Each structure stands twice: as C-alpha cells, then as structure tokens.
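This is what each chain is made of:
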Amino acid sequence: MSFSISAIPDIRFGEGALSGLPAAVKSFDGVDAVLLVIDAFLAQSGLAARVSAELAEAGVKTQVYSDFAGEPKLAHLHAAIEAGQGADMVIGIGGGSALDIGKIVACCIASSEDPMHYALAANPLPKNPLKKIMIPTTAGTGSETSATNIFAGPEGKKLWIWGPETKADLVILDSALTKTLPASLTAWCGFDAFIHALEAATNRNSHRGAQFYAHQALRLITGALETAVKQPNDIAARGDVLLGSCFAGIAIDNCGTAIAHNISHALAGLGPVHHGLATALGFEATLPWLVEADTADLNTAAKACGLLSAAELPAFVSNWMDRCGIVRALPAAFKPFDASDLAREMRATENQPMRRSTIRDVTDADIDRFAAAIMALPKGI
C-alpha cells in the first residue's frame, strides 16, 4: 500500500513552553506586528496582556482580537481580519475556534479576500499567507496541526476552508495552559481527540503513515484522560492528553473523520452545541454498528486502547464516558427539532465526505436510525 503524509508543523512541547514565544516570533524574518487571536476568558485572565508585554519587549507590536464565543462565525472572521490589518503574523491561543479563526484570517489578510472566497474550496488559497503560530489551550480539536478549518457561513451552516496554506508554521504545546479547563470541557475535548484518532485509524482513507500517530494518540488519551478530568493539576496527564490531541490532529489531517463527525456537524447545523460533546454522543450511538465491520484496522485500534478486540470498544467507551462524567443530553436549543431534522442535516452536501469515509456503507436507513437515537436524548438538562 502506498501513501503520503502531509507536512507536519514544527512542534515544541513542554510545561512552560509558552515562555519561548517572543524568541520564536523573532526567529521569523520581518515580523514587526502580530495579530493575537485569543479566547475571551484567556484575554480577561491577563494572558493577552502578558503576551503583548513580552512581545513588546522584543520589539513586536500586538493587536488583540478576542470578541468571539462558540464555534467561529463569518462575522468573527470579518472582525478578526479588520483587527489584523498591518500584521505580519497571526498567533492563535485557545481552543479550536481561536486556532481556526487565526489560520483563516492569516490567509485572508494576505490576500485581501473574504473568507467565503475560499469556503468549500471555491478558489485556491494564497501561496503567501501570514506566518502562523498556534498554541492550543484545550486538548481536543487538533486544529494546531490540521489543514482543515471550520466556520459557520452566513446561513449558519458549517463550512470548511482546507489547504496546506492554512497550516501553522509553529505549534507550541504548553500543558500548563490546559490546567484551568473545567472537568466537563476536559472530558468533551478529550473524547473529541480520541474519536479523531479512532476514526482516522479505521476509516476508508486510513493508512499506516497516519495510523502511526493515531495509535499513539489512542494510547496517550486512554491512559490519561480520566486522570486529567478528575485531577486537573496532574500536569503529566494533562500533557499526555494534549500531545495525544496533537497526534490525533495529524492523523485526521491525513485521513479525515467518519460517521461520528457527520453527526456532530449535523447537530451544529441545527443549534449551538459543544463539538466535543456532540461528537461523543454521535460516536457512542454509532459505535456498536461500526465495530460489526470487524476490520483489521478496527481491531488494531482497539488493541492500542488496551483491549483484546474491536467488539470490546462499545462497552469500554460507554463506561469511560460514565467515569469522565459525560451527561448524555443535548442543550435546550434542540427542543424544537426532531429526528427528521437531524437526518436532513446528516444528508447535507457538506457532511457527505464524513459519511462516505466511514468503513461501513451508511445507508439512509442507518441515518434515520442514528438520528432517532440522538434526538431521543434528553434536552436542556
């Protein structure tokens, strides 16, 4: 079997690695001003001011954009582009939203094009985007190593901008930055990373190159996530989950995802829900069906989780979700919707790549059954 592995950014890992940011910025030629895209609560905690002051000492001016919440929307991208005029580099600090915004606007500032110009690969990305440093503070999305970037378009539907031009030039993984993440978010993000790894290791696009990273991600996350949830100051566990998330991001950058992400993207098309929670719910609902395929890849992935076979995965995952405190419920915003609404979104054009990549054929009857299971969950608890 032949395969190719996409470029992987430079990665610096370790507790306190953020302290090397000013020197890292100065290592790039011609950087006099940066746009810092940072989660609002991190900005309010003083981190944006601290980073700005440290960069100022290095002779670099910082423009800050933090006025966003939830998953990226087109309006957030427009505001970030405006804030970043004149910048030579974009630094993203935060969860997947901060990183995706940063990576997209680094292209749009360089080209002066609107994000919609690049949505769903409508046009080629610029070959000379601004330099990008990505610093995740949640261990889940893997956006720091991915060429895929998600945002909600003008009609609220999830769109993506994909291409190596959006990739980070440098990734800084500082496990200390994840310590303040609440237990629920630690669990949701951690399961998102786990599912990234398992789907990339087992779907139709999977290959040995990506599985090298995916299997290591499975080992790291299964070994450390519960500890990170229950003992938030355990820096070793935090570091393992953060590194596992990064490796899972490399895996999906090469092989993509599958049916659980089809469901989570479809849910996001109906209403606001945390991506990690939505993906975990979709994964648990579809996993018993998925493992019936009993492929060699599924069994090898299960062994990376410490199991004997793929048949053990559904019970293992459900028990693990219980131990990590994941409540199986949807937000109150989903009360007006039913299974037919979710099934419609699962069939939407933008969600078909994830359906097609699933190792089993996903029939319309499967979609209806999965949608019914998800929408039967309690809402608004």
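Quick caveat: nothing in here was measured; it's all calculated off a predicted structure.

Concerning the UniProt feature "domain: Alcohol dehydrogenase iron-type/glycerol dehydrogenase GldA" (unreviewed entry) in the protein
So, point 1. This chain's UniProt record puts "domain: Alcohol dehydrogenase iron-type/glycerol dehydrogenase GldA" (unreviewed entry) on residues 10-174.
So, point 2. Measuring from the first to the last C-alpha atom of residues 10-174 gives 14 Å, for a span that is 29% helix and 25% strand.

Some details on the sheet that holds strand β3 (residues 61-65)
So, point 1. Spatially, six strands are ordered β1-β8-β5-β4-β2-β3 in an open sheet, and the strand pairing comes out parallel. The open sheet terminates on both sides in strands that have one partner only, identified here as β1 (10-13) and β3. Within this sheet the neighbouring strands show an average axis-to-axis angle of 20°, counted without direction.
So, point 2. Of the strand pairs in this sheet, strand β2 (residues 33-38) and β3 are connected by five bridges, and their pairing is parallel. Paired with Leu35 across the bridge in β3 is Gln63.
So, point 3. Contacts from helix α3 (residues 47-57) reach β2, β3 and β4 (89-94), with the element oriented near 165° to β2.
So, point 4. The strands touched by helix α8 (residues 235-255) are β1, β5 (131-136) and β8 (170-173); relative to β1, the strand with the most contacts, the crossing angle is about 170°.

Re the pattern of salt bridges
So, point 1. By the definition in use, this model includes 18 salt bridges.
So, point 2. Between Lys167 and Asp253 there is a salt bridge; the shortest N-O distance is 2.7 Å. Of this pair, Lys167 sits in the loop between β7 (158-162) and β8 while Asp253 sits in helix α8, and the two are 86 residues apart along the sequence. Of the two residues examined, Lys167 and Asp253, each falls in the buried class.
So, point 3. Salt-bridge contacts for Glu226 lead to Arg323; the nearest nitrogen and oxygen are separated by 2.8 Å. Note that Glu226 is positioned in helix α7 (residues 208-230) and Arg323 in helix α12 (residues 313-323), a separation of 97 residues in sequence.
So, point 4. Residue classification places Glu226 among the partly exposed positions, given a relative accessible area of 22%.
So, point 5. A relative accessible area of 38% places Arg323 in the partly exposed class.
So, point 6. Among the ionic contacts, a cluster of salt bridges with common partners joins Lys157, Asp341, Arg344 and Glu345.

The rules behind these values
Residues numbered from 1 in each chain as written. Predicted model: local features only at pLDDT ≥ 70, side-chain atom pairs only at ≥ 80, totals over all residues. Heavy atoms only, no water. UniProt positions renumbered as here; feature names shortened; annotations may be inferred. Helix = DSSP H or I, 4+ residues; strand = E, 2+ residues; numbered from the N terminus. Pairing = 2+ DSSP bridges. Axes fitted to C-alpha atoms, helices over the stretch in contact; angles between N-to-C directions. Contact = heavy atoms within 4.5 Å. Salt bridge = Lys/Arg side-chain N within 4 Å of Asp/Glu carboxyl O. Buried < 20%, exposed > 50% of the residue type's maximum accessible area, 1.4 Å probe, protein only.

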